[in-house]
Amino acid sequence: MKKVAIVGFGFMGRTHYGSWKKLKGAKVVAICDSNLAQLRNKVKGNHDTADDSTDFTGIAIYEDFAKMLAECPCDIVDVTLPTPLHPVMVKAALAAGKDVLSEKPMAVDTKTCDAMLACSRKAKGKLMIAQCLRFSEMHAYVKNLIDSGRCGKVISADFTRVSMTPGWGAQGGKSWFLDEAKSGGVALDLHIHDADLVNWWFGRPDAVSSRAHRRADGVMDHIATSYIYPDKVVSAVGNWGAVQPFVFEASFRVMFEKAVVVCDTRRSPTFMVYPEKGKPFTPRFRSDDPYLNEIKAFLAWTTGRTPKCPFPASEARDSVALVDAEKKSANTGKVVRT
Ligand SMILES: NC(=O)c1ccc[n+]([C@@H]2O[C@H](COP(=O)([O-])OP(=O)(O)OC[C@H]3O[C@@H](n4cnc5c(N)ncnc54)[C@H](O)[C@@H]3O)[C@@H](O)[C@H]2O)c1
């Protein structure tokens, strides 16, 4: 039985908590949050995944991460903290010999990701970044269609991800999400999901051309990118300025030579394949809870049931690097080689 400590018990901490609770081979033994006053409050997020149960029987509660690391006999540290805290906490947990799962984005910039990778190479413990869509069966299905060539080549792909402004994380003051130095703005925090899909499905593009909008306070709240490939047209839009009641949209359309594949979280069914021959259909997926799948996959790797890391941290780093190139392009108005 792996003993798990979760550090950062906000929206993602509680989402991970709900997944850990469903697994037989692991037990959450500790929770650490610097703001214990909100531990029993309901949290907000842009989707309904947080486990807000308040029965922490048998779980040690800490306010201080260093104290938790020194005292708590855990095997796994699950880092669900604001992004700028990922590197320092990940490095400390690895140095203490723990296996570490850390939320996306890996860090605020590529250089910091490289330092984390260097540290993980020397560590006894394992490091995986929780880039959740890598563990979505729907997204893996598309990856398989692309790699197998079953529907011919990809002609084009378009991605859209729109969220209400992430006002959670404010804790009485300004939300850390709305400080671009901390969150990386919409490009790094939200749109990275699609940048990572682009890298995963099509390989690194040759270059990017991006345009962005900034709020009056300077925070980037919209990015539109063309990913430049020799043989296909790929683009993505990320926005987190949607006024409520609009909460969330994640959609994509991949045009193959012999099929169109569409996902739109505002529609039912969310995912459809329109083949050239035959009727449109939605494939059957066993579980499309990517958070549960990623935690399961990480646990299988730490217990040795899966020998290879299901999502190498170097690939999480590459997606931060792609977003860095997009931000550079948006800031200079120039095409940036990746
Ligand atoms: N995979 C996804 O779909 C997804 C969705 C949302 C957020 N995220 C990522 O998850 C991470 C956390 O985001 P969130 O929405 O949960 O943020 P949040 O603000 O809701 O939660 C962060 C928690 O960390 C706590 N905290 C802050 N400093 C601390 C410290 N020094 N020690 C201990 N606790 C501390 C805060 O009190 C808060 O409870 C971010 O990196 C974000 O980008 C991922």
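Residues numbered from 1 in each chain as written. Predicted model: local features only at pLDDT ≥ 70, side-chain atom pairs only at ≥ 80, totals over all residues.

(A) Structural detail: the sheet that holds strand 10 (residues 233–242). Across the sheet, eight strands lie side by side as 13-12-11-7-10-9-8-14; this open sheet has mixed pairing. Every other strand in the sheet has two partners, leaving strand 13 (271–275) and strand 14 (336–337) as the edge strands with one partner each. Strand direction decides the pairing type here: strand 7 (residues 154–164) and strand 10, joined by eight bridges, are parallel. Residue Ser156 lies in a different strand from strand 10, and its bridge partner there is Val233. Of the strands in this sheet, strand 7, strand 9 (220–228) and strand 10 are in contact with helix 8 (residues 192–202), which crosses strand 10 at around 165°. Those strands touched by helix 10 (residues 313–332) are strand 8 (207–214), strand 9 and strand 14, and its axis lies near 65° from that of strand 8. (Pairing = 2+ DSSP bridges. Helix = DSSP H or I, 4+ residues; strand = E, 2+ residues; numbered from the N terminus. Contact = placed C-beta atoms within 7 Å. Axes fitted to C-alpha atoms, helices over the stretch in contact; angles between N-to-C directions.)

(B) Representation of the domain arrangement of the chain in the model. Partitioning the chain into structural domains gives domain 1 (2–131 + 293–308) and domain 2 (134–288 + 319–337). Relative to domain 2, the C-alpha centre of domain 1 lies at a distance of 25 Å. Listed as interface residues are 24 residues of domain 1 and, on the opposing side, 23 residues of domain 2. At three residues, helix 9 (residues 290–302) tops the list of elements feeding residues into the side of domain 1 that touches domain 2. (Domains from an automatic or database assignment.)

(C) Looking closely at the sheet that holds strand 4 (residues 76–79). On the basis of which strands lie adjacent, the open sheet formed by six strands has the order 3-2-1-4-5-6 and parallel pairing. The sheet is open, and its two borders are formed by strand 3 (60–62) and strand 6 (127–130), each paired with just one other strand. Pairs of neighbouring strands in the sheet enclose a mean axial angle of 25°, with direction left out of account. Bridge analysis of strand 1 (residues 2–7) against strand 2 (residues 26–32) gives six bridges, and the strand direction is parallel. Each bridged residue has a counterpart across the sheet, and for Lys3 the counterpart in strand 2 is Lys27. The strands that helix 3 (residues 86–95) touches are strand 1, strand 4, strand 5 (99–103) and strand 6; relative to strand 5, the one it contacts most, it runs at about 170°. Sitting on the sheet, helix 9 touches strand 1, strand 2, strand 4, strand 5 and strand 6, and the angle it makes with strand 6 is about 175°.

(D) Layout of the packing of helix 8 against helix 10. Contact geometry for helix 8 and helix 10: axes closest at 9 Å, N-to-C directions at 110°. In this view, helix 8 runs roughly perpendicular relative to helix 10, as classed from their interaxial angle. Regarding helix 8 and helix 10, the two cross each other, and that crossing is right-handed. Between helix 8 and helix 10, the contacting residues are Ile192, Ala195, Asp196 and Asn199 on the first element and Asp318, Ser319, Leu322, Val323 and Glu326 on the second. Among the residues forming the contact of helix 8 with helix 10, the class breakdown is four nonpolar, two polar and three charged. (Parallel < 35°, antiparallel > 145°, perpendicular 65-115°, else oblique. Left-handed = near helix turned anticlockwise from the far one by under 90°. Nonpolar A, V, L, I, M, F, W, Y, C, P; charged D, E, K, R; others polar.)

(E) Representation of helix 1 (residues 11–21). The buried fraction of helix 1 amounts to eight of the 11 residues, a majority that puts the element mostly inside the structure. Contacts from the buried residues of helix 1 go to strand 1, strand 2, strand 4, strand 5 and helix 9. (Buried ≥ 20, exposed ≤ 12 C-beta atoms within 10 Å, placed from the backbone.)

(F) Layout of unusual backbone geometry. The amide bond that connects Gln244 to the next residue, Pro245, takes the cis arrangement and shows omega of 25°. Positionally, Pro245 belongs in the loop between strand 10 and strand 11 (248–256). A cis geometry characterises the amide bond from Ser268 onward to Pro269, with omega recorded as -5°. In this structure, Pro269 sits in the loop between strand 12 (259–264) and strand 13.

(G) Structural view of the packing of helix 1 against helix 9. Axis separation between helix 1 and helix 9 bottoms out at 9 Å; the angle between their running directions is 60°. The interaxial crossing formed by helix 1 with helix 9 has right-handed handedness. Here Thr15, His16, Ser19 and Trp20 of helix 1 lie close against helix 9, whose contacting residues are Tyr291, Leu292 and Ile295.

(H) Structural detail: the pairing of strand 12. Bridge count between strand 11 and strand 12: five bridges; the pairing is antiparallel. What sits directly across from Arg253, in strand 12, is Val262. Linking strand 11 to strand 12, which pair antiparallel, is a turn of two residues. Bridge count for strand 12 against strand 13 is five bridges, and the pairing is antiparallel. When the sheet's bridge partners are listed, Val261 is paired in strand 13 with Val273. Between the antiparallel neighbours strand 12 and strand 13 lie six residues.

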